[in-house]
Amino acid sequence: MQPSPLHLENYFFTRIHLDACEDPACQDVEGSGALKTQTRCQPHASDPLRWMVTLVLSLDQDADAACPPYTAEFEVVGFFKVDETFAEERRNGLVQANAPAVLFGAIREMLTNLTSRGPYPAVNLNTVTFIDDVKAPSAPPE
């Protein structure tokens, strides 16, 4: 095992919204609904080693399914720093693939914690990968 070249400096939730279905039939619905994510990765304007990453996760009703026990939307913002020894040409991919996965874990914990106190069984999200979401670097905000 070796330490990751990506360091989480801080994160916070900017949106936490959770609704429990009021229909008693919801308790018999399998699964947790349709999961959607959006990510934004922005390098710092003056420090290419620092990044701000935002992950939005929505848990909605599947198009073909009954109401899930819970619907939710979470937004979490994280501040990351890439180790200066990590190859510059690989930094963008490192951040876009790994930072959202770290934030996803924070949302997973929050969702499980909140739903464990709800009227239906707790929701525990499966692990995911963001490797396929890696894009060309975008310009830092001004």
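Note that the coordinates shown come from a computational prediction; the quantities given were computed from them, not determined experimentally. Numbers given for residues are sequential positions, taken from 1 along each chain in its written order. The model is predicted, so local features are restricted to residues of pLDDT at least 70 and side-chain atom pairs to those at 80 or more, both for listing and for counting; the totals for chains, interfaces and linings are taken over all residues. Derived side-chain values reflect all non-hydrogen atoms in the structure, with water molecules and hydrogen atoms excluded from consideration.

A look at the overall build of the chain
Now for step 1: Only runs of H or I of at least four residues qualify as helices and only runs of E of at least two qualify as strands under DSSP, and these elements are numbered from the N terminus. Helix and strand counts for the chain stand at one helix and four strands.
Now for step 2: Reading the secondary structure of the chain in the N-to-C direction produces β-β-β-β-α.
Now for step 3: For every residue, the accessible area (1.4 Å probe, protein chains only) is compared with the maximum for its type, and the residue is labelled buried under 20%, exposed over 50%, or partly exposed between those bounds. Taken over 142 residues, the chain has a buried fraction of 32%.
Now for step 4: Between two residues, a contact is recorded if the distance between any of their heavy atoms is within 4.5 Å. Counting only contacts in the chain whose residues sit at least 6 apart along the sequence, the fraction spanning at least 24 positions is 71%.

Quick word on the pattern of salt bridges
Now for step 1: One side-chain nitrogen of Lys or Arg within 4 Å of one carboxyl oxygen of Asp or Glu is enough to make a salt bridge. Under the definition given, this model contains five salt bridges.
Now for step 2: Overlapping salt bridges bring together E9, D47 and R50 as one network.

Some points on the pairing of strand β3 (residues 50-60)
Now for step 1: Among the 11 residues in β3, eight count as buried, and that is most of the element.
Now for step 2: The rule for pairing is simple: two strands pair if DSSP sees at least two bridges between them. Pairing of strand β2 (residues 34-43) with β3, which is carried by 10 bridges, proceeds in the antiparallel orientation. In the sheet register, Q42 faces β3, and the bridge partner there is M52.
Now for step 3: Between the antiparallel neighbours β2 and β3 lie six residues.
Now for step 4: Relative to strand β4 (residues 70-82), β3 is paired through 10 bridges, and the arrangement is antiparallel. Each residue of the ladder has a partner; that of L59, found in β4, is A72.

Topic: the confidence of the model for the chain
Now for step 1: Considering every residue of the chain, the mean pLDDT works out to 89; 87% of them sit at 70 or more.
Now for step 2: Summary of the metric used: pLDDT quantifies the predictor's per-residue confidence within the range 0 to 100. Of all secondary-structure elements in the chain, the lowest mean pLDDT belongs to β2, at 94, while strand β1 (residues 6-20) reaches the highest, 97.

Thoughts on the sheet that holds β3
Strand pairing in a sheet relies on backbone hydrogen bonds. The paired strands run either parallel or antiparallel.
Now for step 1: Strand order in this open sheet of four strands is β1-β4-β3-β2, and the pairing throughout is antiparallel. Looking at the sheet topology across the chains shown, the edges are occupied by β1 and β2. Taken pair by pair, the neighbouring strands of this sheet meet at an average axis angle of 10 degrees, ignoring direction.
Now for step 2: Sheet topology note: the β1/β4 ladder contains 13 bridges and is antiparallel. Bridge pairing in β4 places N10 opposite F79. In this analysis an axis means a line fitted to C-alpha atoms, helices contributing only their contacting stretch, and an angle means the value between N-to-C directions, from 0 to 180 degrees.

Digging into a nonpolar patch on the surface
Now for step 1: Only residues whose relative accessible area exceeds 30% and that form no salt bridge are eligible for patches; like-charged ones are grouped when within 9 Å, while nonpolar side chains (Val, Leu, Ile, Met, Phe, Trp, Tyr) are grouped when within 5 Å. Here the Shrake-Rupley method, with its probe set to 1.4 Å, supplies the accessible areas, and only the displayed protein chains count as covering residues. On the surface, a nonpolar cluster with roughly 240 Å² of combined accessible area is contributed by L8, Y11 and V102.
Now for step 2: Of the residues examined, V102 reaches a relative accessible area of 39% and is grouped as partly exposed.

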